[in-house]
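Results of the structural survey
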Amino acid sequence: MRTPDSPVRQGRTPRPAGAVAPTGRGRAGSRPSWVLLVPACAAAVLAVLPLGYLAVRAFEHGPGHAWDIVADERTVLLLGRSLGLTAVVVSACLVLGVSLAWLTVRTALPGARAWSVLVTLPLAVPSYVAAFAWLSVDLAGFTGSALALTMVSFPYVYLPVAAALRGTDPAQEEVARSLGLGPVRTFLRVTLPQLRPAAAGGGLLVALYVISDFGAVSLMRFDTFTRGIYTSYRASFDRTPAAALSAVLVIMTVALVAGEARTRGRAGHARTGTGTARPAAPAPLGRLRIPALAWCSAVTAVAVAFPIGTLGYWLAVGSSATWDPAALADTASTTLGVAAAGAALTTLLALPVGVIAARYRGRIAHLLEQAAYAGHAVPGITVALALVFFAVRYAYPLYQQLPLLVCAYAVLFLPVAVAATRAAVLQAPPVLEDVARSLGRTPLRVLREVTVPLAAPGVAAGAALTFVVCMKELPATLLLRPTGMDTLATRLWTETGAGSYAAAAPYAAALILLAAVPSYLLGRHRT
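Note that this is a predicted model, so its numbers are computed, not measured.

**Notes on the overall build of the protein chain**
- For the protein chain, the count of helices and strands is 22 helices and 2 strands.
- Burial status across the protein chain gives 47% buried among its 527 residues.
- Within the protein chain, counting contacts between residues at least 6 apart in sequence, those at least 24 apart form 85% of the total.
- About 25,400 Å² of surface is accessible on the protein chain, with carbon and sulfur atoms providing 66% of the total.

**Notes on a nonpolar patch on the surface**
- Together, V117, L118 and L121 line one region of the surface with nonpolar side chains, adding up to about 220 Å² of accessible area.
- With respect to the helices, strands and loops of the structure, L121 is situated in the loop between α4 (112–118) and α5 (127–135).
- The exposure class of L121 is partly exposed, given its relative accessible area of 38%.

**Focus: the pattern of salt bridges**
- Scanning all chains against the criterion turns up 9 salt bridges.
- With its nearest N and O atoms 2.5 Å apart, the salt bridge here joins D223 to R227.
- Here E433 makes a salt bridge to R359, at a shortest N to O gap of 3.1 Å. Placement of the pair is E433 in helix α18 (residues 430–438) and R359 in helix α14 (residues 325–359), with a sequence separation of 74 residues.
- Taking relative accessible area as the criterion, R359 reaches 1% and is therefore assigned buried.

**Remarks on the packing of aromatic side chains**
- One pass over the full model with this rule turns up 13 aromatic pairs.
- Three or more aromatic residues link up through ring pairs in this structure, and these residues are F132, Y313, W314 and Y501.

**Description of the nonpolar core**
- The biggest cluster of nonpolar side chains holds 117 residues, and the ones touching the most others in it are V161, L479 and L480.
- Among the elements that make up this core, the one with the highest residue count is helix α3 (residues 73–106) (11 residues).
- In terms of nonpolar packing, the next biggest core, distinct from the first, is built from 27 residues, A44, V353, I356 and A372 among them.

**Remarks on helix α21 (residues 488–497)**
- Burial of α21 is extensive: 7 of the 10 residues sit out of reach of the surface.
- If you check which residues of α21 are buried, you get L488, A489, T490, L492, W493, E495 and T496.

**A word on the environment of V257**
- Relative to the elements of secondary structure, V257 occurs in helix α12 (residues 240–264).
- The class of V257 is partly exposed, set by a relative accessible area of 37%.
- Placed 53 residues apart in sequence, V257 and L204 show a C-alpha to C-alpha distance of 7.1 Å.

**A word on the packing of α18 against helix α19 (residues 443–472)**
- Following both chains from N to C, one finds α18 and α19 inclined at 165°, their axes separated by 10 Å at the closest point. Here α19 runs roughly antiparallel to α18, going by the angle between their axes. Seen from above, α18 lies across α19 with right-handed handedness. Of α19, the residues touching α18 (which contributes L432, E433, A436 and R437) are V446, V450, T451 and L454.
- Residue composition of the contact of α18 with α19, grouped by class: 5 nonpolar, 1 polar and 2 charged.

**Details of unusual backbone geometry**
- In the Ramachandran plot, D138 falls in the positive-phi region, its phi being about 65° despite a non-glycine side chain.
- Looking at the secondary structure, you find D138 in the loop between α5 and α6 (141–153).
- At Q400, a position not held by glycine, the phi torsion is positive, near 55°.
- Inspection of the secondary structure puts Q400 in the loop between α16 (380–394) and α17 (402–426).

**Overview of the packing of α5 against α21**
- The contact between α5 and α21 brings their axes to 11 Å, and the two run at 20°. The pairing of α5 with α21 is recorded here as roughly parallel in orientation. In the packing of α5 onto α21, the handedness of the crossing is left-handed. Contacts from Y128, V129, F132 and L135 in α5 reach A489, L492 and T496 in α21.
- Classifying every residue of the contact of α5 with α21 gives 6 nonpolar, 1 polar and no charged.

Criteria and thresholds
Residues numbered from 1 in each chain as written. Predicted model: local features only at pLDDT ≥ 70, side-chain atom pairs only at ≥ 80, totals over all residues. Heavy atoms only, no water. Helix = DSSP H or I, 4+ residues; strand = E, 2+ residues; numbered from the N terminus. Buried < 20%, exposed > 50% of the residue type's maximum accessible area, 1.4 Å probe, protein only. Contact = heavy atoms within 4.5 Å. Areas by Shrake-Rupley, 256 points an atom, 1.4 Å probe, with all protein chains shown as cover. Patch = residues over 30% accessible without salt bridge, like charges linked within 9 Å, V, L, I, M, F, W, Y side chains within 5 Å. Salt bridge = Lys/Arg side-chain N within 4 Å of Asp/Glu carboxyl O. Phe/Tyr/Trp six-rings, centres within 6.5 Å; stacked < 30°, edge-to-face > 60°. Core = buried A, V, L, I, M, F, W, Y, C linked by side-chain atoms within 4.5 Å. Axes fitted to C-alpha atoms, helices over the stretch in contact; angles between N-to-C directions. Parallel < 35°, antiparallel > 145°, perpendicular 65-115°, else oblique. Left-handed = near helix turned anticlockwise from the far one by under 90°. Nonpolar A, V, L, I, M, F, W, Y, C, P; charged D, E, K, R; others polar.

The following block contains the structure:
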């Protein structure tokens, strides 16, 4: 009788007793159960529905009519303004992000750890809150939009570049200096090429943020595509121009993503030598210490201290006539309720998609995961407009009702929850699910009793993050909110647009404080 070969005889390393099987996407060729597949397909259909219906609506009167709108002189002007603003903000963010990352990671900057925290704080400030601060000192138009958007989005470049600098082996830089290159030429010829993928990825995030931004440019009264879409939707009963402009905006977004992927190239920057990489020794700044501290102080003052100081000023000068505590409390409770509903639906839809993405391989799993990310690739105002069109024609009872707004949040932020769920399920040993199935548990009981409890911390973190972004969302809320309902974001936008800065300040302060609580809990969870 032939006995099975041992792992050693088969050339494999025996697994230690008690060790679990490697985690990962292990079921190539198998199909997800219907318990996962049906709700995951529902989530995917909801995610791609706005894009599909937007295309149908844009070509409703024929390709010729749509082309006339796209080739109109105003459309070309909006295109030039959007691209110009994007180019300026991305360039400024690259300068700020790369320089600050270099100073805080690779130099002996006094208080480097504290500076590295301070320069990430602008991520907690919505663009329309920054615009409110600069608008209150009479800075508007292109300059105000570029400044406000730069100051809230440069951390998207700083964070990946700082991470790349921490992981880069300094041996190549030391060899370059030993061959006679000075510090500047070493940085330009050796360090900077290794940072290019991280900087390009951060620049892409900034570009997508600027193109999709509506709050800052609308308050600054600077016409870009998002403001043009909103104006066209409000000014005319013919919705085709707004749909055609939205389709152009989607094409711009796709072109940016494709362009970044094409320029990324296939060059590898991983270390190939033997041994492990050493951390780089901090470079002494010498006479540049004072200018470096002044640069970090100036950026932090403009990006963090100025918006908070402006809010404090308008809170101080506001009187009881401009403040309405009851209205503020009512708006805050509405914001929390709507954000909680959006986070709950988004997490519920993301759970089956995340489990399938983590546990299964194949075309179905790939298509479901990619479909879930579709909504995140387009601006919020575009998704909102598509849902408006769909509700008016096919589901009118939902038009300007809370369920439609919650669905819009789910479409926009489904990728946030899917990414968190997928990562959490990947960390859970799949062998425990196999054991549960071998003991006769049905797929639903395996999901409820094994997978979900193991992934619960990560899923909860994704829900908290979704809650924060739902609370700050503006364009979809403006178009889809029920009549008479206000959130903190819409009330801030309305008061600032009317020039009532003292009345807008409490809503901005409440929004930042409420968003800070789950952000702090998320930070504690990650640490």
